[in-house]
Each structure stands twice: as C-alpha cells, then as structure tokens.
Amino acid sequence: MSEQQTPVVPKSLGFLFADWIAAHCVVPNGYDLGKPFELVGWQLENAIDFYRVKPDAVYDPARPRQAAAFKWRRGQIVGGQKLGKSPFGAAVAAFEGVGPCVFCGWAKGGETFRCSDWGCSCGFEYEYSAGEPMGMPRRTALIQLLATSEEQTANVYRPLQSMVRNGHLSDLMKVREGFIRLPNGGRIDPVTASAHSKLGNPVNFVLGDESGIWTRRSGMFEVGDTVMRGAMAMDGRMLELTNPWDPMDASFGQMTYESTASDIMKFFPKHDPSLDFADPKDRRKILEFVYSGSPWVPLDQVEATASELMARDPAQARRFYGCEIVQGLGSYMPEPLYDGTMVDRQPPEPGAEICLGFDGSQSGDWTALRAETVDGWRWTPTYGPSKRPAYWNPVEWEGRIPRSEVDACVSEMFDCYEVKRFYCDPHPWESQVEAWGYQYGEDIVVPWPTNRIGRMFDALTRFTEDTADHSTTHSNDRMARLHMMAARKVAKPGDKYVLGKPSENQKIDITMADILAHEAASDMRALGWGSDDNKVFVFR
C-alpha cells in the first residue's frame with residue numbers, strides 16, 4: 001500500500017479572508033439572517049484561489065505591492081442564478097475595503113494579525129502558520145461596484161449594507177447616502193454606465209456584477225474597459241461575477257472568459273456534456289452539480305422553475321439554471337460531439353506528411369490556417385520565433401491582416417513538413433494563393449472557393465459524419481473550439497446549407513480553415529495517401 005502524499009496548502013490570503021469574513025460579516029438575508037457569514041464550497045475555493053500570492057513576492061514596507069503580489073491580476077466567477085455570488089461579492093468588497101487584503105510578508109510562525117491594531121474593536125485575531133503569507137489593510141481603499149444599472153448594483157451593495165449594519169464592521173465602515181465611507185478618505189461607490197463623473201476616479205479594486213450583459217450596445221463594455229484600466233494603473237484588481245452569457249451579445253464577460261491572458265482566474269464549472277438539460281432525469285443531475293456548493297438553494301423549486309421555462313424559453317432555463325453557454329438554433333457542430341473527439345497530443349515531428357486548409361480575410365474577419373495528419377488529427381500550427389498560433393485577428397494587427405506574417409507561416413509549414421495538399425479559399429487572397437501555387441506546386445496548392453454551395457455542403461456533411469465516427473479528431477485548442485461553436489447553418493435552396501456567423505462579433509474563420517484541411521486530407525486519402533500507392537490526381 002503506497003503512502004498518501006500530504007496535500008500542498010496554497011500560499012494564499014484566502015484562509016485569513018475566510019476567518020476574517022466569518023468574524024465580521026453576517027448572512028445578509030433569509031432564515032440565517034445575522035449568523036456569521038461562513039464560506040463554503042465554491043466560495044471558499046475561489047477565495048483561496050483569488051488571493052493566492054506569488055511564491056516570489058517580496059514585501060517592501062515603503063511601497064507594499066498590491067495586485068502585483070498576487071498570482072491573478074483579475075478574476076471571473078461564472079455560476080447559475082441564486083448560487084450566492086452577490087453575498088460573496090459583498091464579502092470580498094468588505095475585505096478589500098477594511099480587511100487585511102494587502103500582502104505584507106511571509107510568516108515565520110507564531111505571528112498574529114489583530115484587528116485591534118487597525119482600529120477595529122471586534123477582538124478578531126488570526127495566528128499565521130510558518131510560510132503563510134501575511135496581510136494588512138490598505139491605507140486608503142477606493143472601491144467601485146460596477147453594474148449596468150442602480151438596480152443591478154444593489155445585488156451586491158444591498159447585502160454589503162446589511163453586513164455593515166448588522167455585523168462587526170461599523171467601527172471602520174459607515175453607510176452614507178449613495179456610498180460607504182472607509183478610513184482615511186476611502187469609499188465604496190456603486191457605479192453604472194450613466195455615472196460618467198465617477199468613471200475616471202482613482203480605484204484600487206473593482207467588483208463587476210453580471211459582466212455577461214455588459215455589451216457595446218449598452219455602453220457597459222467600454223465602461224468595463226475604462227474602470228479596469230483605472231484599477232490596473234493603481235496596482236489594483238478586478239473580480240467579475242456573472243451568469244453565463246448569450247454568445248450573440250459578445251459581452252465583456254465573454255471576452256474575459258475567452259481571453260488568452262494567463263493571469264486571469266476563471267471559475268466556470270461545466271457539467272458532464274453527455275447530460276441533456278431537456279431530459280428531466282439529466283436535468284436533476286445537472287442542477288445538483290451546478291448548486292453543489294450552495295446548500296441554501298432549494299433544488300426542488302429551482303427544478304420546477306427550470307421545467308416551466310423549458311416549455312417556453314429553453315435557452316433561458318439552460319443558461320440561468322443549467323449554467324450553459326447556449327449556442328442557439330441552427331448550430332453546426334453539437335458541443336458534446338466536438339468535445340468527444342478531442343485528442344490531446346503533440347504535433348507531428350518535422351518531415352511528417354500533412355494537409356493544410358486556409359481561410360483568409362482582409363480586415364473584418366480573421367485569417368486562419370489548420371493542418372491535418374494522415375490519421376485524421378487536426379491542429380493549429382505555430383510559427384516564428386515566438387511560436388504564434390496560425391490565426392490572425394485584425395484587431396491585434398492595427399485593423400488589417402498581416403500578409404507577410406501569413407506568408408512566413410505558410411513558408412515555415414512547407415519547410416517543416418511534407419505538405420501533400422493545401423486547399424485555400426482564394427477570396428480575397430487570389431494573388432497570394434496563385435503565388436503559393438507557383439512556389440510550392442499547383443498540384444499541391446489548390447484554390448477551393450467556399451462560396452460554391454453544393455461543393456461546400458458536401459464538405460460540411462463529410463466533416464460532421466467523419467467527426468461522428470471519430471475518423472477525424474482534433475487538438476485541445478480553445479480558440480478553435482470557440483469558432484466551431486459559433487458556426488451556424490445558413491439554409492440554401494435544394495435542402496442544403498452553408499456556414500455563417502451569428503453576429504459580427506463572433507468569428508468562424510478557424511472552422512472554415514479546419515473544414516478545408518479535412519477536405520484536403522480526405523481527398524488525399526481517397527487517392528491512397530497513407531498507403532503504398534503514392535500516385536496523386538488533382539481535382540479542380
């Protein structure tokens with residue numbers, strides 16, 4: 001029998017946070033009103049994670065590091081409705097306002113945090129363990145509770161007011177008309193898109209409520225960017241709390257979740273994709289999973305409401321109670337099918353035979369290159385000294401696709417691998433595709449217009465059928481998955497369809513390149529690729 005390993009305790013202020021909250025904050029409503037607010041389940045898990053300190057953090061008494069001391073620059077918690085996100089957000093706001101949220105060194109063992117040292121008469125003390133990060137309150141805390149409207153800010157602001165009035169925070173926090181006063185000129189302000197005068201104010205912590213509905217149409221997307229920039233400039237942090245979003249909205253919350261930044265904490269637990277929210281038995285299992293860390297939620301009532309909504313608005317039921325990103329009607333690729341064909345493996349070695357697919361644009365859409373091996377595994381190649389992925393978002397390149405970068409990527413693919421077939425959607429890259437044909441061979445580089453309905457429909461059908469029987473698989477690529485999930489069927493005459501995007505903000509270009517790579521590989525396999533017969537024909 002092997003010895004059990006002792007679990008590694010995270011280096012986090014989250015343990016201090018949990019005890020401090022239980023001593024100072026109370027349950028803001030319900031039958032447990034007035035009882036100590038004790039973190040459980042997902043709340044405790046996220047508290048520990050969000051306040052995780054960098055192992056190499058150094059305390060400078062003259063200028064203490066604030067956000068820079070933590071692993072996560074900002075965070076996002078996505079969960080079902082009534083999960084308990086708002087009271088948790090209120091507790092975080094209280095801790096950031098007057099609690100020991102600033103890293104102040106590493107404990108040697110036996111050190112104690114005492115509230116009495118900081119003007120609070122509650123009597124709370126916390127003894128640190130050796131090697132544990134220590135915390136102290138901010139000198140001046142400037143906090144904003146950000147939401148789309150005053151009613152929305154009340155989701156967090158109202159329970160925070162209750163915690164101040166009924167808990168042990170009144171020595172340091174004073175509820176005033178429209179804000180909460182903190183020591184040394186600090187304050188907590190509810191902020192909306194209409195409060196233009198507050199948007200440029202100094203801020204060192206932002207709590208964003210329902211960022212999944214912060215859209216460009218409402219003006220909240222820009223507000224979110226503005227407040228985030230302000231917080232980061234003051235070595236501050238930001239935490240978003242939201243329900244799952246509608247992908248059609250291209251919200252701030254969605255952009256946070258899709259960001260490739262490595263210093264954003266993301267908590268979005270997904271249920272077993274084989275479970276169907278439309279099936280009553282599966283629905284109960286999904287609800288038990290979604291609300292597993294929230295024992296105060298009456299599951300029977302939630303299930304009854306979800307069942308009622310399924311009859312008239314299934315997307316709403318799935319999003320708010322099933323905690324699902326609902327694709328909507330007309331989706332091309334079923335999510336469980338796509339996820340079920342993910343094979344996480346390394347790209348082939350240099351010199352391997354591959355096929356490529358290319359979908360290009362000029363300024364509005366993305367440009368992408370995908371590859372497929374002889375055994376049907378698809379992935380996004382990387383190129384250049386920084387090993388950039390082979391897709392190009394014009395927003396990242398001053399509004400236009402960098403054609404020299406694309407050409408360098410294609411050149412590297414031909415240098416590194418033996419490319420058997422390269423299908424390219426020529427528009428608007430006709431000249432470049434023609435040049436690639438001259439350079440690498442017209443029997444290898446083949447224009448493949450995706451606007452030919454019959455041909456495209458056949459390719460789409462083959463792609464889904466081959467995915468269903470697992471004759472083609474794909475890498476674990478988050479961006480490729482986002483494009484695949486965004487693709488919609490657009491009806492055409494003759495009971496056919498092509499692919500379209502549901503909104504201008506959602507892109508499907510990696511999917512188009514993926515389908516072309518698979519089409520090229522399928523045509524090559526039909527001609528004997530992978531067998532001893534190397535005779536090749538080109539069909540145009």
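For clarity, every value in this text was computed on a predicted model and none was experimentally measured. (Residues numbered from 1 in each chain as written. Predicted model: local features only at pLDDT ≥ 70, side-chain atom pairs only at ≥ 80, totals over all residues. Heavy atoms only, no water.)

Caption draft 1: Examining the overall build of the protein more closely. Counting secondary structure elements, the protein contains 16 helices and 23 strands. Dimensions of the protein, computed from C-alpha atoms along their principal axes, come out at roughly 85 × 65 × 55 Å. Taken across its 540 residues, the protein has 53% of its residues classed as buried. Contacts in the protein between residues at least 24 apart in sequence constitute 70% of all its contacts with a sequence separation of at least 6. When the accessible surface of the protein is summed, it comes to about 24700 Å², and 50% of that surface belongs to carbon and sulfur atoms. (Helix = DSSP H or I, 4+ residues; strand = E, 2+ residues; numbered from the N terminus. Buried < 20%, exposed > 50% of the residue type's maximum accessible area, 1.4 Å probe, protein only. Contact = heavy atoms within 4.5 Å. Areas by Shrake-Rupley, 256 points an atom, 1.4 Å probe, with all protein chains shown as cover.)

Caption draft 2: Fine view of the pattern of salt bridges. Within the structure shown, the criterion is met by 27 salt bridges. Measuring nitrogen to oxygen at the nearest pair gives 3.2 Å for the salt bridge that ties Asp276 to Arg318. Taken together, the positions of Asp276 in the loop between β12 (264-267) and α8 (280-290) and Arg318 in helix α10 (residues 314-320) put the pair 42 residues apart, joining distant regions of the chain. The exposure class of Asp276 is partly exposed, given its relative accessible area of 35%. For Glu303, the salt bridge goes to Arg284, with nearest N and O atoms at 2.6 Å. Of the two residues, Glu303 is situated in helix α9 (residues 299-312) and Arg284 in helix α8; the sequence distance between them amounts to 19 residues. Each of Arg284, Glu288, Asp300 and Glu303 takes part in salt bridges that share partners, so that together they form one network. (Salt bridge = Lys/Arg side-chain N within 4 Å of Asp/Glu carboxyl O.)

Caption draft 3: Spatial organisation of the packing of aromatic side chains. Summed over the entire model, instances satisfying the criterion amount to 32 aromatic pairs. Seen in terms of ring centroids, Tyr51 and Phe70 are 5.9 Å apart; in terms of plane orientation they differ by 75°. Their pairing is edge-to-face. Of this pair, Tyr51 sits in the loop between α2 (41-50) and β1 (74-78) while Phe70 sits in the loop between α2 and β1, placing them 19 residues apart in sequence. Each member of the pair Tyr51 and Phe70 is classed as buried. Three or more aromatic residues link up through ring pairs in this structure, and these residues are Phe17, Trp20, Trp42, Phe50, Tyr51, Phe70, Phe88, Phe95, Phe205 and Phe267. For Arg216, the ring lying beneath its charged end belongs to Phe221, and the centroid distance is 3.9 Å. In this structure, Arg237 is placed above the aromatic ring of Phe50, and the distance from its NZ or CZ to the ring centre is 3.8 Å. (Phe/Tyr/Trp six-rings, centres within 6.5 Å; stacked < 30°, edge-to-face > 60°. Lys NZ or Arg CZ within 6 Å of the ring centre and 35° of its normal.)

Caption draft 4: Looking closely at the nonpolar core. Trp20, Leu160, Met173 and Leu239 are the most contacted members of the largest nonpolar core, which totals 81 residues. Examining the composition of this core, we find that 8 residues originate from one element, helix α3 (residues 85-98), more than from any other. Once you skip the residues sitting within four places of it in the chain, Met173 turns out to touch Ala94, Val98, Leu160, Val164, Ile180, Arg181, Leu182 and Ile188. With 34 residues, the next largest nonpolar core counts Ala487, Leu499, Met512 and Met524 among its residues. (Core = buried A, V, L, I, M, F, W, Y, C linked by side-chain atoms within 4.5 Å.)

Caption draft 5: Just the confidence of the model for the protein, in detail. This prediction gives the protein a mean pLDDT of 91; 96% of its residues lie at or above 70. Low pLDDT, under 50, characterises residues 535-539; the stretch is placed with 11 contacts to residues that sit more than four places away or in other chains. (pLDDT = per-residue confidence, 0-100.)

Caption draft 6: Representation of helix α12 (residues 403-416) in the model. Taking 1.5 Å of rise per residue, the 14 residues of α12 would be expected to cover 20 Å, and the 20 Å separating its terminal C-alpha atoms lies within 8% of that figure. Those residues of α12 that fall on the buried side of the exposure criterion are Val406, Cys409, Val410, Met413 and Phe414. Around the axis of α12, the buried residues are gathered within 135° of arc, so they sit on the same side. For α12, exposure combined with an orientation more than 90 degrees from the buried face picks out Ser404 and Asp415. (Expected span 1.5 Å × (residues − 1). Arc of directions from axis to C-beta.)

Caption draft 7: Structural view of the side chain of Ser294. Within the fold, Ser294 resides in the loop between α8 and α9. Side-chain polar atoms of Ser294 contact the side chain of Trp42, separated by 3.0 Å. If we ignore the near neighbours within four places in the chain, the residues touching Ser294 are Trp42 and Leu83. (Polar contact = N/O pair within 3.5 Å; in protein donor to acceptor, adjacent residues only side chain to side chain.)

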